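A structural walkthrough
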Amino acid sequence: MDGVWLYLAPLAGVTDAAMREVCREQGAQAAYTEMVSAKALSYKNEKTFGLLEKSPAEKQVGVQLFGSEPDVLADTAKMLQDSMGESLSEININMGCPVPKVVNNGEGCALMRQPAVAEKIIRGVSRAVSLPVTVKIRKGFDDATVNAVEFSKMAEQAGACMIAVHGRTRQQFYSGKADWDIIKAVKQAVGVKVVGNGDIFCAQDAADMLAYTGCDGVMVARGAQGNPFLFAQICERVEQGKVKTNPTQEERIGMCLRQARLAAGYKDEYSAIRQMRTHAQHYTKGMKDSAKLRAALVQVETYAGLEKILYGYLEKNIAF
């Protein structure tokens, strides 16, 4: 889409190489690894390095780092640029994660209450690498400290070339409605690219956000779970004014199994299929007898088992 960017948001435990691949095939122009601890990478944690693996189909991937120590983040970003080379498209700094264990450690959205520290992080990472440095933030930490506009101005001055804004406070987590007015306000306040995030569950949502806020792109998070087709639908709505891609039940199940095959090929089957349990529940949400189907899916442990359940469901010859 000319001038408009579609991003798959980084989601911990969700946006692995397999999910990124199917979303890119459907039209996502940029995607990130799951959120990665800069400190864990600096300690050479093998499991953490596993989060950086990309699929053979991915030419480039963005890495989202989180942490609270400017020097550690800068050094880790430089290490990633040196080790990943041209396969690394950008460094995104997480300053919006609401999870308690992250926030309580002074990381994620906690940095929105520490703008001086956040500025040192952004400036340090920007100086350490030649890659684009971007930032993901929220509306603010709570209703009493809504500071996305001021924070974004600081981030721009410190070197960020794109700011993704989730229209909720940390206090809200994912409840309530995302505030698109704050995204609009940030877009009007800074000169760098602004990407809107929050409540994009259908193509019309994306079109409405773009029209209302004037943002440069949208970042799809929970709406992409079990629905990579959403990216194709957004492209069609923005470019052609209507949605043509409406996947059938068979296509949804087929895509679920394709993602599962990819995941099992990129990691061990046991881990891949356990993670696919949640994805499969999203893919089958709203289908007839989906509650019974979900009960069967949460117990599956092999690709063959997943295939048997889903094909059996389509053929209507399985007893839940």
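Worth saying up front: this structure is predicted, and the values here are computed from it rather than measured.

Scoring rules and cut-offs
Residues numbered from 1 in each chain as written. Predicted model: local features only at pLDDT ≥ 70, side-chain atom pairs only at ≥ 80, totals over all residues. Heavy atoms only, no water. Helix = DSSP H or I, 4+ residues; strand = E, 2+ residues; numbered from the N terminus. Rg over C-alpha atoms; globule rule 2.2 N^0.38 Å. Contact = heavy atoms within 4.5 Å. Lys, Arg positive; Asp, Glu negative; His and termini not counted. Charge placed at Lys NZ, Arg CZ, Asp CG, Glu CD. Polar contact = N/O pair within 3.5 Å; in protein donor to acceptor, adjacent residues only side chain to side chain. Expected span 1.5 Å × (residues − 1). Buried < 20%, exposed > 50% of the residue type's maximum accessible area, 1.4 Å probe, protein only. Pairing = 2+ DSSP bridges. Axes fitted to C-alpha atoms, helices over the stretch in contact; angles between N-to-C directions.

A few points about the overall build of the protein chain
Each helix and strand counted, the protein chain has 14 helices and 9 strands in total. In summary, the protein chain has a C-alpha radius of gyration of 20 Å against a globular reference of 20 Å for 320 residues, a match within 12%. Projected onto its principal axes, the C-alpha coordinates of the protein chain cover approximately 60 × 45 × 35 Å. A separation threshold of at least 6 residues defines the contact pool for the protein chain, and within that pool the share at least 24 residues apart is 68%. Positive and negative side-chain charges of the protein chain, numbering 39 and 36 respectively, have mean locations separated by a distance of 3 Å.

Quick word on the side chain of D199
Mapping D199 onto the fold places it in the loop between β8 (193-197) and α9 (203-213). Polar side-chain contacts of D199 include one of 2.6 Å to the side chain of R168. A polar contact is formed between the side chain of D199 and the backbone nitrogen of A178, at a distance of 2.8 Å. When near neighbours in sequence (up to four residues on either side) are disregarded, D199 contacts R168, K177, A178, W180, D205 and R222.

Looking at helix α14 (residues 303-315)
Between its first and last C-alpha atoms α14 spans 18 Å; for 13 residues at 1.5 Å apiece the expected length is 18 Å, and the two agree. Within the span of α14, buried status applies to Y303, L306, I309, L310, G312 and Y313. Where α14 terminates, the next one or two residues include K316, which has phi positive at roughly 60°.

As for the sheet that holds strand β5 (residues 88-94)
Taken in spatial order, the 9 strands line up as β2-β1-β9-β8-β7-β6-β5-β4-β3 in an open sheet, and their pairing is parallel. At either end of the open sheet lies a strand with only one pairing partner, and these are β2 (30-31) and β3 (36-37). One ladder, built from 2 bridges, connects β3 with strand β4 (residues 61-66); its direction is parallel. Bridge assignment links V36 to a residue of β4, and that residue is L65. Lying over the sheet, helix α4 (residues 70-84) contacts β4 and β5, oriented at roughly 160° with respect to β4.

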